[in-house]
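Working through the structure, step by step
These are the residues of each chain, in order.
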Amino acid sequence: VRCALGWACWRTYVARPEVETARQLAIGVLGNSLSEAGHREEALTVVEAELSMNRRVGASEREMLATQSNLASSYEAVGRVEECLRIRRDVYS
């Protein structure tokens, strides 16, 4: 159910401009719901897209750090430990 709600949220807001908060939140909801449903590879793809979008729209440092932390967790969940550690070092330095 959570995964379906994540996709529904994303479909609702995907057509809006990237700078709109609703769209930015929707991609985060999708990534989190995929991860919690055990779709870790798909969640990783979504979090990578979220980070890319955040860079394009000039997201705040706080938002960037949160997304990078989520990306590190996603890398860890799929067994990409070295990439996880590299990002965590960047986030906490």
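Above this text sits the structure in question.
Residues numbered from 1 in each chain as written. Predicted model: local features only at pLDDT ≥ 70, side-chain atom pairs only at ≥ 80, totals over all residues. Heavy atoms only, no water.

1. Considerations on the overall build of the chain
- Scanning the chain from N- to C-terminus turns up five helices and zero strands.
- Secondary structure of the chain in N-to-C order comes out as α-α-α-α-α.
- Taken over C-alpha atoms, the radius of gyration comes to 13 Å for the chain, in line with the 12 Å a tight globule of 93 residues would show.
- By its C-alpha atoms, the chain is 35 × 30 × 15 Å across when sized along the principal axes.
- Burial status across the chain gives 33% buried among its 93 residues.
- In the chain, of all internal contacts separated by at least 6 residues, the share reaching a separation of at least 24 is 37%.
- Surface exposure of the chain reaches about 5700 Å², of which carbon and sulfur atoms provide 52%. (Helix = DSSP H or I, 4+ residues; strand = E, 2+ residues; numbered from the N terminus. Rg over C-alpha atoms; globule rule 2.2 N^0.38 Å. Buried < 20%, exposed > 50% of the residue type's maximum accessible area, 1.4 Å probe, protein only. Contact = heavy atoms within 4.5 Å. Areas by Shrake-Rupley, 256 points an atom, 1.4 Å probe, with all protein chains shown as cover.)

2. A look at the pattern of salt bridges
- In total, this model carries four salt bridges according to the counting rule given.
- One salt bridge connects E18 with R56, and the closest N-O pair in it is separated by 2.4 Å. Here E18 is found in the loop between α1 (2-13) and α2 (21-36), whereas its partner R56 is found in helix α3 (residues 40-57), with 38 residues between them in sequence.
- The exposure class assigned to E18 is partly exposed, which follows from its relative accessible area of 22%.
- For R56, a relative accessible area of 52% gives the class exposed.
- We note a salt bridge from E76 to R88, for which the minimum N-O separation is 3.4 Å. With E76 in helix α4 (residues 61-77) and R88 in helix α5 (residues 81-92), this residue pair connects regions lying twelve residues apart in the sequence. (Salt bridge = Lys/Arg side-chain N within 4 Å of Asp/Glu carboxyl O.)

3. Quick look at the environment of L71
- Relative to the assigned elements, L71 resides in helix α4.
- Residue classification places L71 among the buried residues on the basis of a relative accessible area of 5%.
- Sequence spacing of L71 and E36 is 35 residues, and the spatial spacing of their C-alpha atoms is 14 Å.
- Setting aside chain neighbours within four positions, we find L71 in contact with L44, V47, E48, L51 and I87.

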